[in-house]
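If you want the building blocks of each chain, they are given just below.
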Amino acid sequence: MEFDLKSRTATIWDKGTSKFTLTDDDQLGRAVIAVLDRPDQTANKNIYVASFETSQKEILTALEKATATKWTVTDTTAEKEVAEATEKIGKGDFSGAYALVRATSFANTSGLRANYVRDEELSNELLGLEFGTVEQTVSRVVGGLA
């Protein structure tokens, strides 16, 4: 995700304002159980769930609050990251694929469908899943590392 808890550093793409959807591990586990509990309602369907809608800037703000530390930020652009990733892949270095995956959420590129809250019909209600906040998830993750 371009956030390093240990070193308190972050790499922010395109000013970090692009909104995307995340599902935390707790919500994912509850979603799997709920799907298995509702086979008639979920069979042969694409199931989209979300814990919250956020951006890199919002995650950074939550991390700085949870760690009580001002983080060191490196700014980059999707254009630069995708070009470097494409060059790596072209040379047989498939580590570039990670940047291409990040680009689907972090880049300000329309049509990527990385924001399920906006772009898909969510199954949260069908599965009995409530929305959380980025602050709740970050607090839980940071607290678990202490």
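Computed from a predicted structure; not experimentally measured.

*Asks:* Explanation requested: the nonpolar core in the structure shown.
*Replies:* The nonpolar side chains of a soluble globular protein tend to be buried with one another. In terms of nonpolar packing, the biggest core is built from 21 residues, with Phe3 and Leu63 touching the most fellow members. Counting only elements with at least two residues in this core, the list comes to β2 (9–13), α3 (56–67), α4 (78–90), α5 (96–106) and α8 (134–145). For this core, the element with the most residues is α3, which contributes 4 residues. Contact partners of phenylalanine 3, with chain neighbours within four places excluded, come to Thr9, Ala10, Ile12, Gln56, Ile59, Leu60, Leu63 and Trp71. Membership of the second largest hydrophobic core comes to 5 residues, among which are Ala31, Val49, Leu127 and Leu129.

*Asks:* Would you mind showing me how to read a nonpolar patch on the surface here?
*Replies:* Together, Leu28, Val32 and Leu36 line one region of the surface with nonpolar side chains, adding up to about 300 Å² of accessible area. Looking at where valine 32 falls in the secondary structure, it is placed in helix α1 (residues 25–37).

*Asks:* Would you take a moment to explain the environment of valine 134 for this structure?
*Replies:* Mapped onto the elements of the fold, valine 134 is located in helix α8. Take valine 134: its relative accessible area is 7%, and that puts it in the buried class. Along the chain, valine 134 and glutamate 64 lie 70 residues apart, while their C-alpha atoms are 12 Å from each other. For valine 134, the contacting residues outside a window of four places in its chain are Phe52, Thr54, Glu58, Ile59 and Ala62.

*Asks:* Where do I start with the side chain of asparagine 115 in this structure?
*Replies:* Along the chain, asparagine 115 turns up in the loop between α5 and α6 (116–119). Take asparagine 115: its relative accessible area is 0%, and that puts it in the buried class. A polar contact of 2.8 Å, which involves the side chain of asparagine 115, links it to the side chain of threonine 21. Those residues within four positions of asparagine 115 in sequence are excluded, and the remaining contacts are Lys19, Phe20, Thr21, Glu53 and Glu120.

*Asks:* How should the packing of aromatic side chains be read in this particular structure?
*Replies:* What characterises a pair of aromatic rings is the spacing of the ring centres plus the angle enclosed by the ring planes. This structure, assessed with the given rule, holds 3 aromatic pairs. When the ring of tryptophan 13 is compared with that of phenylalanine 106, the centres are 5.7 Å apart and the planes differ by 70°; the resulting orientation is edge-to-face. Residue tryptophan 13 is found in strand β2, and its partner phenylalanine 106 is found in helix α5; the two are separated by 93 residues along the sequence. Owing to a relative accessible area of 3%, phenylalanine 106 belongs among the buried residues under this scheme. Taking the centre distance of 5.5 Å and the plane angle of 55° together, the rings of phenylalanine 20 and phenylalanine 106 count as tilted. Of this pair, phenylalanine 20 sits in strand β3 (residues 20–22) while phenylalanine 106 is found in helix α5, placing the two residues 86 residues apart along the sequence.

What counts, and where the lines are drawn
Residues numbered from 1 in each chain as written. Predicted model: local features only at pLDDT ≥ 70, side-chain atom pairs only at ≥ 80, totals over all residues. Heavy atoms only, no water. Core = buried A, V, L, I, M, F, W, Y, C linked by side-chain atoms within 4.5 Å. Buried < 20%, exposed > 50% of the residue type's maximum accessible area, 1.4 Å probe, protein only. Helix = DSSP H or I, 4+ residues; strand = E, 2+ residues; numbered from the N terminus. Contact = heavy atoms within 4.5 Å. Patch = residues over 30% accessible without salt bridge, like charges linked within 9 Å, V, L, I, M, F, W, Y side chains within 5 Å. Areas by Shrake-Rupley, 256 points an atom, 1.4 Å probe, with all protein chains shown as cover. Salt bridge = Lys/Arg side-chain N within 4 Å of Asp/Glu carboxyl O. Polar contact = N/O pair within 3.5 Å; in protein donor to acceptor, adjacent residues only side chain to side chain. Phe/Tyr/Trp six-rings, centres within 6.5 Å; stacked < 30°, edge-to-face > 60°.

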